[in-house]
Structures are given as structure tokens and as C-alpha cells.
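Survey of secondary and tertiary structure
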Protein chains: 2
Amino acid sequence: MIYITGIGPGNMEGLTAEALSALRKCDIISGYKVYADLVKKFLPEKNFSVYPMRSEIERCEDALELSKNGKCAALISSGDPGVYGMAGLMLEIAKDSNEEIKIIPGVTAANSAAAILGAPLMNDYAVISLSDLMTSWEIILKRLKAACDGDFVICIYNPASRGRPKNFKKACEFLLKYKSPETPCGYVRNIKRENPEAEIMTLEKIRDCEKIDMLTTVIIGNSKTYVLNGKLITPRGYEI
Amino acid sequence: MIYITGIGPGNMEGLTAEALSALRKCDIISGYKVYADLVKKFLPEKNFSVYPMRSEIERCEDALELSKNGKCAALISSGDPGVYGMAGLMLEIAKDSNEEIKIIPGVTAANSAAAILGAPLMNDYAVISLSDLMTSWEIILKRLKAACDGDFVICIYNPASRGRPKNFKKACEFLLKYKSPETPCGYVRNIKRENPEAEIMTLEKIRDCEKIDMLTTVIIGNSKTYVLNGKLITPRGYEI
């Protein structure tokens, strides 16, 4: 049995009851070091298999092996395992086995960041990762352009990292061809972990914001998004 | 104090610890009848203010009034309150007050439906509501077109209702101009409630599927989405 478990933003309060129950029931909690450390804080008694970045295939193979040996592994993803997480890869790696696999959804970063910034996702939105490790930069730009054409609110995952320090700035420069420099945006860094940071600013300003890194989620407004009492709001359209 | 609370798909297991704690602490749980009935099942001892559909403004005004009188209201939304839920409207209605408002995110239908269907949201996706009560049908079509241009996976909220029985079929006919009729899709109806239903089929077939109603979430694949052992998967791009 394998639980592919979304741990939400990373504190115990953000976990669903179903996810907590799976983490308690399993024999081994398996995941990337940063997320394993978050879970260890509230489940210190459990056994953990801790992995470095980019060992995703190994994590899935190990979980499958454990399951075949009658053990239950809980593979953790921050946020939701179905959004740039471990769910798809695990299903693909286990495709020839008969092991039981259960995907337990969690609150993904788009939603936890939105709740901190206000209500920017009240209308249609697009979720785009700026990581060009597995998606080409041309496709990422094509999607950013399409999101502008559709006047979607845009939620950016993986905006930048040490290996790709300029991706976010390059993406903002591209967006500025299609969107007003005054477009309201916001970022949340380290959601619900130690020292969370959040700020609302314009697209022109966020382009040069040095806080944007791999622990940050960015939300870029559509043509209707505005700032109200320090909160980012995209109106649904009620007449009030 | 007002908690704008996401209850997730509707059972107690899908609630975050933070949401459950807010529902337990508040004086009155306030919401649309269908969602209030879901919460009553696991918190029968609480006081509820139950409203019909389309009374969203009244619900927010009542919650604000309660808060001004020193009571704490928890305004509930299914899924996440920041996605077509109560968060934006409540912030707008409370804009001239000093009442404390806390938004508690939940697992939105895109993520709970994806977990049941497999892993269709592993790559970039767009979330689009087909309700044309507050967004014009032209804008909805513009967004569907843009989502096709960007080769996003598309997650459809509010696909149809008694008042708009043909919206989903019309949207599928529009999508078929840009996408293969063989595009893998899936729907989940009544996620985690009584009698949940889920099925995977092609875009051409789902167009005529009579199960699609207001309790249904639909996910339409992108050019890379495929079906593996009865699960819908959009590969992230790992080489396995």
C-alpha cells in the first residue's frame, strides 16, 4: 500500500484529517528532506526515508519495493501531490504492479498563497511552473502568452531557483509586453513555515523583487484585480 | 471575527485541522444549505445559519453584523473559499469595517477531483467556470480558446446547472474546434459525498454525457494527457 500524501503548506494545521491519518498509519514516511523535516516536527515518532532533490524516481521505486514487501509507505509532497508533485510519477512507476495506491489531496500553494494575499483567485486562473527542467522555455512562454490572451489570473510555481535565478525576471519582462506595469501582484514566501513573508506590489516592481525564490508562490492579477485595504482581490462579479 | 472557511470536498476527512478548529470555535456556522448539511453531519451540536442559493451578499452582511456584535461567524464554502467561493465578496462587503477576517484555505475541487481521476494536473493547468451568471459567455469562450492555445489541462467548475443546462455541451463543441475528439477527459460527481461517481472518457464522449451537472467537476486533458490503468495522467516529463 502506498499513500501519495499532500501535506499542504507544511504545518500540522494545514493537513487534512485524511492526510494526517495516512501519515500516522504508514510504516515509513518518504520524501524530500525539506518536507520530511516539516512533518518530523509534528510526527517525530515515525520512521522517515529522507531524500535529496531530484531523486523523485528513486523515491517512487523505493516506495513500490516497500509496498511489495508488505510495508506501507507514505510518499509526501508539499501542497497537493497532484500539482507538480509525486502523484503522476508514482502511478507511472507502479504501472505494472498490483500494489494499492491512494492519492490524498492537499491544499496546493496557489490556494494557501491566495488566502494570505486576499482573494485573487475568485475568477478563472492559470497555474504555470517556471521550471524549465522538464518543460521547454518556449512552451512556458507560450503558456504565459495564452494566459494573458485569456485574461486569466496567473499563479506561478517554481518562479526561480539557484539553478534558474533569472527565470522569474525573464517571465515578468515577457508578461510586461501584454499586461500593464501597474497590474497588481503578490508573493508569499515560506507559507506557514518559519518566517513567512508576503507582499503586494505591481508587476513592474515584482519583476525586480529579490525575495522571489524556489520557496515562493507568485500571483499576478488579471485586468480586474485590484488592491483593497492591503489585500489582492479579483472580483467574482457581484453587484454590491 | 469572521472565519471564511474552506470545507474541502465535504466530509470530515477532507477538512484541514485549521478549518475544523475554526468551525468548532465560532458561534455560528453560516452557509448555503447543501454545504451546511454536510457540516452538520460531523458538527451537529453547532448553531447554523442556513441560506438558499444566490443569497451570498446577505450571508456576508449577516456575518459582518454578527461580528460587529461580538460574535464569531464561520462562513463556509465548499472546497476553497478563494476559488469561486465567499472570500472575495466577504472582503469587499467588510471593506469599511475593522472586523478581523481570516481566510482558511481548503482543498479545492480541481485537486480533489484530480486525486480521484489519477494525476491529470501534474503540469500547467487552467481553471475555468462555465457559469455565465457573472462572466459573459464571450469571455468564457475567450478563456477556453486561450487554454487550448496554451495547451493547458483545463479544469471546469460549474459545468452545467438547471438554469444553464447546455453550457457544458456548448463548451465541449467549442473545444472540439481546437482539440482532438480523442482527448482524454474525466469527471467526478459528488466528490466524497454520498454516491460519488467518476468516469474517464474522450472529449467527444463527455460532450454528450448526461451526468454532468452543478455537482460535477470536469478535467480535460492537454496534448500529453493519457490513460494508464484506468487513471488520467498528464506526465510531468520525467524520463522513466
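Use the structure listed above.
Everything in this summary refers to the structure shown in the same document.

Right, let's talk about the overall build of chain A for a bit. For chain A, the helix and strand inventory stands at 8 helices and 13 strands. Taken over the C-alpha trace, chain A has a radius of gyration of 19 Å; the compact-globule value for 240 residues is 18 Å, and the two agree within 12%. On the principal axes, the C-alpha backbone points of chain A span a range of 55 × 35 × 30 Å. In chain A, of all internal contacts separated by at least 6 residues, the share reaching a separation of at least 24 is 67%. Accessible surface for chain A amounts to roughly 9600 Å². Of this, 48% is attributable to carbon and sulfur atoms. Mean positive and mean negative side-chain charge positions of chain A (31 and 30 charges, respectively) differ by 3 Å.

Right, let's talk about the relation of the copies chain B and chain A for a bit. Once chain B has been moved 0.0 Å along the axis and rotated by 180°, it coincides with chain A to within an RMSD of 0.0 Å. The relationship between the two copies is best expressed as a two-fold rotation axis.

We now examine the nonpolar core. L144 and I206 of chain A together with L144 and I206 of chain B are the most contacted members of the largest nonpolar core, which totals 54 residues. In terms of nonpolar packing, the next biggest core, distinct from the first, is built from 34 residues, Y84, Y125 and Y157 of chain A together with A113 of chain B among them.

To find the voids left in a structure, one rolls a probe of water-molecule size over its atoms. Going through the model one piece at a time under the given rule, you end up with 6 cavities of 30 Å³ or more. The volume enclosed by the largest cavity comes to roughly 70 Å³. Every residue lining the largest cavity is listed: Y84, S129, S131, L133, M134 and T135 of chain A together with N123, D124 and R236 of chain B.

Turning our eyes to something else, we now look at the packing of helix 6 (residues 137-149) of chain B against helix 7 (residues 167-175) of chain B. Residues and elements named next belong to chain B. At a minimum axis separation of 10 Å, helix 6 and helix 7 run at an interaxial angle of 40°. Of the possible angle classes, the one that applies to helix 6 and helix 7 is oblique. The hand of the helix 6/helix 7 crossing is right-handed. In this structure, helix 6 uses W137, L141, L144, K145 and C148 to contact helix 7, whose residues at the interface are N167, K170, A171, F174 and L175.

What is meant by a disulfide is a covalent connection between two cysteines, made through their sulfur atoms. Residues and elements named next belong to chain B. Counted under the stated rule, the structure contains 0 disulfides over all chains. Free of any disulfide, C185 has its nearest cysteine sulfur in C172, 6.9 Å distant. Among the residues examined, C185 registers a relative accessible area of 0% and is labelled buried. Its sulfur unpaired, C209 is 9.4 Å from the next cysteine sulfur, which belongs to C172. Given the relative accessible area of 15%, C209 is considered buried.

Contact with chain B, which involves 67 residues of that partner, is made by 67 residues of chain A. Here chain B packs against chain A, burying approximately 5700 Å² in sum over the two surfaces, 60% of which is carbon and sulfur. The three residues of chain B that bury the most area against chain A are M134, R143 and Y238 of chain B, which together make up 12% of that side's buried surface. Our count for the contact surface shared by chain B and chain A stands at 2 salt bridges. A salt bridge links R143 of chain A to D124 of chain B, with the shortest nitrogen-to-oxygen separation between them at 2.9 Å.

All names here are of chain B. Taking strand neighbours across the sheet as the criterion, the 5 strands line up as 3-2-4-1-5 in an open arrangement whose pairing is parallel. Edge strands, defined here as strands with exactly one partner in the open sheet, are strand 3 (47-51) and strand 5 (101-104). Within the sheet, the average angular offset between the axes of one strand and its neighbour, ignoring direction, is 20°. Where strand 2 (residues 28-32) and strand 3 come together, 5 bridges link them in parallel fashion. The partner of S30 across the bridge, within strand 3, is S49.

All right, on to the packing of helix 6 (residues 137-149) of chain A against helix 6 of chain B then. Two elements in contact, helix 6 of chain A and helix 6 of chain B, have axes separated by 8 Å at closest approach and are oriented at 175°. With respect to their mutual orientation, helix 6 of chain A and helix 6 of chain B come out roughly antiparallel. Every residue of helix 6 of chain B that contacts helix 6 of chain A at K142, A146 and D149 of chain A is listed here: K142, A146 and D149 of chain B. Across the contact of helix 6 of chain A with helix 6 of chain B, the residue classes break down as 2 nonpolar, no polar and 4 charged.

Per the stated rule, a full pass over the model turns up 6 aromatic pairs over all chains. Looking at K170 of chain A, its charged tip hangs above the ring of W137 of chain A, at a distance of 4.5 Å from the centre. The lysine or arginine in question, K40 of chain B, covers the ring of F48 of chain B, its NZ or CZ lying 5.4 Å from the ring centre.

What follows covers the pattern of salt bridges. Following the criterion strictly, the structure yields 20 salt bridges over all chains and no others. Between E18 of chain A and K102 of chain A there is a salt bridge whose closest N-O contact spans 3.0 Å. Of the two residues, E18 of chain A is situated in helix 1 (residues 17-25) and K102 of chain A in strand 5 (residues 101-104); the sequence distance between them amounts to 84 residues. Look at K102 of chain A and you get partly exposed, because its relative accessible area is 34%. Salt-bridge contacts for D213 of chain B lead to R189 of chain B; the nearest nitrogen and oxygen are separated by 2.8 Å. Taken together, the residues D213 of chain B in the loop between helix 8 (203-207) and strand 11 (216-220) and R189 of chain B in strand 9 (residues 184-189) connect sequence positions 24 residues apart. Its relative accessible area of 22% is what places D213 of chain B among the partly exposed residues. Exposure remark for R189 of chain B: the relative accessible area of 17% places this residue in the buried category. Within the structure, one salt-bridge network assembled from shared partners comprises R189, E197, K211 and D213 of chain A.

Residue and element names in this part refer to chain A. Across the sheet, 5 strands lie side by side as 3-2-4-1-5; this open sheet has parallel pairing. For this open sheet the edge positions go to strand 3 (47-51) and strand 5, each flanked by a neighbour on one side alone. Shown here is a sheet whose adjacent strand axes are inclined to one another by a mean of 20°, direction ignored. Packing of helix 3 (residues 56-68) onto the sheet brings it into contact with strand 1 (2-6), strand 2 (28-32), strand 3 and strand 4 (73-77), and relative to strand 4 it is tilted by some 160°.

Before going further, it helps to spend a moment on a nonpolar patch on the surface. Together, M53, M214 and L215 of chain A make up a nonpolar patch on the protein surface, roughly 240 Å² of accessible area in all. Within the fold, M53 of chain A resides in the loop between strand 3 and helix 3.

Calculation rules
Residues numbered from 1 in each chain as written. Chains lettered and ligands numbered in written order. Predicted model: local features only at pLDDT ≥ 70, side-chain atom pairs only at ≥ 80, totals over all residues. Heavy atoms only, no water. Helix = DSSP H or I, 4+ residues; strand = E, 2+ residues; numbered from the N terminus. Rg over C-alpha atoms; globule rule 2.2 N^0.38 Å. Contact = heavy atoms within 4.5 Å. Areas by Shrake-Rupley, 256 points an atom, 1.4 Å probe, with all protein chains shown as cover. Lys, Arg positive; Asp, Glu negative; His and termini not counted. Charge placed at Lys NZ, Arg CZ, Asp CG, Glu CD. Least-squares fit on C-alpha atoms with pLDDT ≥ 70 in both. Core = buried A, V, L, I, M, F, W, Y, C linked by side-chain atoms within 4.5 Å. Buried < 20%, exposed > 50% of the residue type's maximum accessible area, 1.4 Å probe, protein only. 1 Å grid on protein atoms, 1.4 Å probe; cavity = no way out; pocket = protein on both sides within 12 Å on 5 of 7 lines; lining within 4 Å. Points joined across faces, edges and corners; volume = space filled by probe spheres on them. Axes fitted to C-alpha atoms, helices over the stretch in contact; angles between N-to-C directions. Parallel < 35°, antiparallel > 145°, perpendicular 65-115°, else oblique. Left-handed = near helix turned anticlockwise from the far one by under 90°. Disulfide = S-S within 2.5 Å. Buried area = accessible area lost by both parts, 1.4 Å probe. Salt bridge = Lys/Arg side-chain N within 4 Å of Asp/Glu carboxyl O. Pairing = 2+ DSSP bridges. Nonpolar A, V, L, I, M, F, W, Y, C, P; charged D, E, K, R; others polar. Phe/Tyr/Trp six-rings, centres within 6.5 Å; stacked < 30°, edge-to-face > 60°. Lys NZ or Arg CZ within 6 Å of the ring centre and 35° of its normal. Patch = residues over 30% accessible without salt bridge, like charges linked within 9 Å, V, L, I, M, F, W, Y side chains within 5 Å.

Don't take any of this as a statement about function, it's just geometry.
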